[in-house]
Amino acid sequence: MRGVGRLYACLMVLFLLSPLVVVVILSFSSTSFIAFPPRGWSLRWYEQLVEDTQIRESLLFSLQIAGIATVLALLIALPTAVLLVRHRFRGRNMLRALALSPLVLPEVLLALALLLYMQNGLHIRPSIWTLTVGHLLVIFPFSLQLISSAMGDLGPELEEAGITLGATPARAFWLIAIPAMLPSIAAAALFSFIFSFDNVAISLFLSVPGHVTLPVRMFELANTTNDPSLSSISSVLILAGAILMAVLGRFKLFDGVVNARQ
Amino acid sequence: MTTAAAAIADVPTSRAEKRLLVPVLALPVLALLLPCLVAPLLLMIRISVGGGRIGLDGFTFDRFGEVLSDPYYLGSLGVTLFIALLTALGSLALALPLAYVMLRQPRWRMVIIGSLIGPLVISVVVRLYGWQLLLSESGPVNNLIALVFGDEARMMFIGSWSGVVITMIHTLLPYACIAIFNSMQSIGPGVTEAAQTLGANPWQVFLKVVLPLSARGIATGTVLVFALSATSFIVPAVMGAGRVNTFPMLIYQQATALNFPAAAALAVVLLVLLLPLSALSTRGRDIA
């Protein structure tokens with residue numbers, strides 16, 4: 001039983017990681033056609049990546065959108081978490097269901113609804129702001145969940161003690177609750193950023209003329225090119241993901257992910 | 001005495017403050033969700049039952065009649081649900097034993113969680129590109145098949161539902177596995193230890209104790225994977241190579257063809273079919 005379990009675990013780890021491994025191997029290929037195993041080795045696809053201005057522009061555009069959307073998501077999630085965790089009022093359950101509904105709604109529907117609303121309702125052109133709002137809607141529930149559960153775990157007692165000792169509620173929140181929840185806020189920021197940076201469906205529907213996010217550019221290249229040129233940027237993203245996993249493991253932030261994505 | 005008096009004096013002001021605080025705290029979230037989520041969804045539903053080129057004139061159910069009688073749309077719906085069913089069953093079959101290994105062998109737990117979550121933080125396009133390479137006609141998987149069964153056994157994974165299902169299982173397995181593992185872990189070690197003490201072998205512990213007690217989590221995870229698979233746009237768009245047209249892809253095609261009322265009607269059909277499932281799979285998840 002133990003041996004069978006171990007063998008099965010090895011096979012599953014292989015299954016889960018093989019698409020990433022194969023991309024990294026291909027990125028060092030020297031041929032302009034795709035072959036396994038590669039016929040020769042070189043860094044030509046990385047050299048090509050460094051000179052690729054389109055990929056660089058898309059990367060910067062994606063970083064910009066993810067950055068703005070993450071800051072907005074945190075700024076809205078914090079007061080909402082206080083409201084849902086610390087206050088009892090009529091309509092609380094409805095508000096919570098509404099705030100978390102983008103988790104349940106298919107992304108394609110959300111994207112289509114936003115597109116129709118901008119084109120036929122508001123009559124505004126797609127811009128970086130309309131795209132950012134789309135990303136914000138998708139990442140907001142994750143931020144809210146992570147911060148709400150941290151606030152629930154913290155409990156109101158420490159802040160109440162601070163208020164009893166003479167602090168105003170706002171001061172107690174700022175000096176006691178925020179520092180205590182900092183790891184969860186950091187995790188919320190990190191995952192909001194990743195989910196915005198990786199988003200394809202919203203970016204594809206609400207595409208801004210002249211600007212293409214990195215995943216959308218890669219999606220288009222994956223459907224049209226037949227050489228290893230996509231493998232170098234993919235390997236860079238895999239390396240970034242691996243570093244991130246190491247950091248998450250170091251600071252024991254896995255629990256947050258497991259709970260948020262269950 | 002003084003603190004007690006202060007506390008009593010505090011109550012009315014704090015209550016008045018609280019009455020003011022709730023709307024203030026609710027303002028940002030409502031400012032985001034009412035104009036950017038509720039209004040767009042309502043407009044989409046309005047357009048799906050509207051006449052005219054942009055669906056804002058009059059009132060008609062014609063679009064739904066067209067969608068539900070056109071063999072092309074119905075065929076696409078059938079393919080979508082077929083792929084979702086295979087994905088859900090495949091994920092369940094792979095995730096159940098994996099979650100059990102995670103439960104019983106703590107030394108393997110971090111390795112498995114890392115392998116499950118690692119791909120999730122890397123762009124889905126990168127993962128799909130990897131699967132395109134693995135499953136291509138001369139890729140490693142087909143080379144292995146040719147080695148074992150001969151050259152004529154090579155399979156066309158890309159552009160067929162088999163490639164879409166394999167990739168979809170890879171994408172959604174983490175969700176199923178983590179949901180099942182969480183519910184298995186909530187059983188607690190005492191129960192399984194008691195079963196072992198009373199003479200059950202590991203298989204019996206799994207079949208007669210762990211499985212029935214985590215049935216809820218297993219069902220939740222499977223339904224979640226089904227719903228996520230049926231609404232996935234990107235996996236069939238890349239792996240289907242234009243030959244597997246699922247329902248979410250039709251929505252995108254109609255939207256890019258500027259046929260908004262048809263896109264809205266398709267979206268509402270998908271919503272009506274799948275929202276009950278999604279709601280079911282997330283029920284019981286409490287954030288407070």
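Residues numbered from 1 in each chain as written. Chains lettered and ligands numbered in written order. Predicted model: local features only at pLDDT ≥ 70, side-chain atom pairs only at ≥ 80, totals over all residues.

**Let's talk about the overall build of chain B**
In terms of helices and strands, chain B carries 13 helices and 0 strands. Listing the helices and strands of chain B from first to last along the sequence gives α-α-α-α-α-α-α-α-α-α-α-α-α. Taking as baseline every contact in chain B between residues at least 6 positions apart, the subset at least 24 positions apart corresponds to 72%. (Helix = DSSP H or I, 4+ residues; strand = E, 2+ residues; numbered from the N terminus. Contact = placed C-beta atoms within 7 Å.)

**Remarks on the overall build of chain A**
When helices and strands are tallied, chain A shows 12 helices and 0 strands. The helix and strand sequence of chain A, counted from the amino end, reads α-α-α-α-α-α-α-α-α-α-α-α. Principal axes of the C-alpha set define a box for chain A whose edges measure 70 × 60 × 35 Å. Expressed as a percentage of the 262 residues in chain A, the buried residues total 44%. Summarising the internal contacts of chain A: among those between residues at least 6 apart in sequence, 75% fall at separations of at least 24. (Buried ≥ 20, exposed ≤ 12 C-beta atoms within 10 Å, placed from the backbone.)

**Some details on the interface of chain A and chain B**
In this complex, chain A contributes 73 residues to the contact, which on the side of chain B involves 76 residues. With 13 residues, the top contributor of residues to the side of chain A that touches chain B is helix 1 (residues 2-27) of chain A. The residue inventory of the side of chain A that touches chain B, partitioned by class, reads 56 nonpolar, 14 polar and 3 charged. (Nonpolar A, V, L, I, M, F, W, Y, C, P; charged D, E, K, R; others polar.)

**Here's the deal with the packing of helix 10 (residues 214-224) of chain A against helix 5 (residues 124-135) of chain B**
The interhelical angle for the contact between helix 10 of chain A and helix 5 of chain B, taken along N-to-C directions, is 15°, at an axis separation of 10 Å. Relative to helix 5 of chain B, the element helix 10 of chain A lies roughly parallel. In this structure, helix 10 of chain A meets helix 5 of chain B at a crossing whose hand is left-handed. The segment helix 10 of chain A lies against helix 5 of chain B, with A:Pro215, A:Met218, A:Phe219 and A:Ala222 engaging B:Val125, B:Leu128, B:Tyr129 and B:Gln132. Of the residues assigned to the contact of helix 10 of chain A with helix 5 of chain B, the class counts are 7 nonpolar, 1 polar and no charged. (Axes fitted to C-alpha atoms, helices over the stretch in contact; angles between N-to-C directions. Parallel < 35°, antiparallel > 145°, perpendicular 65-115°, else oblique. Left-handed = near helix turned anticlockwise from the far one by under 90°.)

**Topic: unusual backbone geometry**
Residues and elements named next belong to chain B. Positioned with a positive phi, Ala241 is a non-glycine residue whose angle comes to about 50°. Of note in the backbone geometry, Leu258 takes a positive phi value of approximately 60° without being a glycine. Considering the arrangement of structural elements, one finds Leu258 in the loop between helix 12 (247-256) and helix 13 (260-282). The exposure class assigned to Leu258 is exposed, which follows from the 10 C-beta atoms found within 10 Å.

**A few points about the packing of helix 5 of chain B against helix 7 (residues 161-185) of chain B**
Residues and elements named next belong to chain B. At a minimum axis distance of 11 Å, the contact between helix 5 and helix 7 shows a crossing angle of 140°. In terms of axis orientation, helix 5 runs oblique to helix 7. Seen along the crossing, helix 5 lies across helix 7 with a hand that is right-handed. Across from Val124, Arg127, Leu128, Trp131 and Leu135 in helix 5, the residues of helix 7 making contact are Gly163, Ile166, Thr167, His170 and Thr171. In the contact of helix 5 with helix 7, the residues fall into 5 nonpolar, 4 polar and 1 charged.

**Re helix 7 of chain B**
Residue and element names in this part refer to chain B. With 25 residues, helix 7 extends 35 Å between its outermost C-alpha atoms, agreeing within 8% with the 36 Å of an ideal straight helix rising 1.5 Å per residue. The sharpest bend along helix 7 comes to roughly 45°, located at Leu172, with the proline Pro174 sitting one to four residues further on. For helix 7, a buried count of 21 out of 25 residues is recorded, marking the element as mostly surrounded by other parts of the structure. (Expected span 1.5 Å × (residues − 1). Bend = angle between axes of the 7 residues up to and from the residue.)

**A look at the environment of B:Leu250**
Along the chain, B:Leu250 falls in helix 12. Those residues within four positions of B:Leu250 in sequence are excluded, and the remaining contacts are B:Tyr73, B:Ser76, B:Asn245 and B:Leu266.

**Describing helix 10 (residues 215-230) of chain B**
Every α-helix carries 3.6 residues per turn, so stepping three or four residues along brings you back to the same face. All names here are of chain B. In this model, helix 10 (16 residues) spans 23 Å end to end at C-alpha, consistent with the 22 Å of a helix rising 1.5 Å per residue. Of all 16 residues in helix 10, 12 are buried, a share of seventy percent or more. When helix 10 is considered as a whole, its buried residues turn out to be Gly217, Ile218, Thr220, Gly221, Thr222, Leu224, Val225, Phe226, Ala227, Leu228, Ser229 and Ala230.

**Regarding the environment of A:Thr80**
By secondary structure assignment, the location of A:Thr80 is in helix 3 (residues 53-86). The exposure class of A:Thr80 is buried, given the 26 C-beta atoms found within 10 Å. When the C-alpha positions of A:Thr80 and A:Val13 are compared, they lie 38 Å apart, and in sequence the two are 67 residues distant. Those residues in contact with A:Thr80 that sit more than four places away from it in its chain are A:Ala99, A:Leu144, B:Pro28 and B:Val29.

**Some words on the nonpolar core**
Formed by 162 residues in total, the largest nonpolar core has its most connected members in A:Leu112, A:Ile147 and B:Ala267. Top contributing element to this core by residue count: helix 7 of chain B, with 15 residues. Ignoring sequence-local partners within four residues, the contact set of A:Ile147 consists of A:Ala77, A:Leu78, A:Ala81, A:Met181, A:Ser184, A:Ile185 and A:Ala188. (Core = buried A, V, L, I, M, F, W, Y, C linked by C-beta atoms within 7 Å.)

**Considering the environment of A:Val82**
Residues and elements named next belong to chain A. Structurally, Val82 is set in helix 3. The partly exposed category is assigned to Val82, around which 17 C-beta atoms lie within 10 Å. Spatially, the C-alpha atom of Val82 lies 9.7 Å from that of Phe173, the residues being 91 residues apart in sequence.

**What about the confidence of the model for chain A?**
In the predicted model, chain A carries a mean pLDDT of 88, and 95% of its residues have values of at least 70. The weakest mean pLDDT in chain A belongs to helix 12 (residues 254-260) of chain A at 51; the strongest belongs to helix 3 of chain A at 94. (pLDDT = per-residue confidence, 0-100.)

**With respect to the confidence of the model for chain B**
All names here are of chain B. Confidence along chain B averages 85 in pLDDT terms, with 90% of residues attaining 70 or more. Per-residue pLDDT, averaged within each element of chain B, yields its smallest value for helix 1 (residues 2-48) (76) and its largest for helix 5 (94). Note on residues 1-12: pLDDT is under 50 here. Beyond four places in sequence and across chains, it has 0 contacts. With pTM at 0.88, the complex prediction returns an ipTM value of 0.89.

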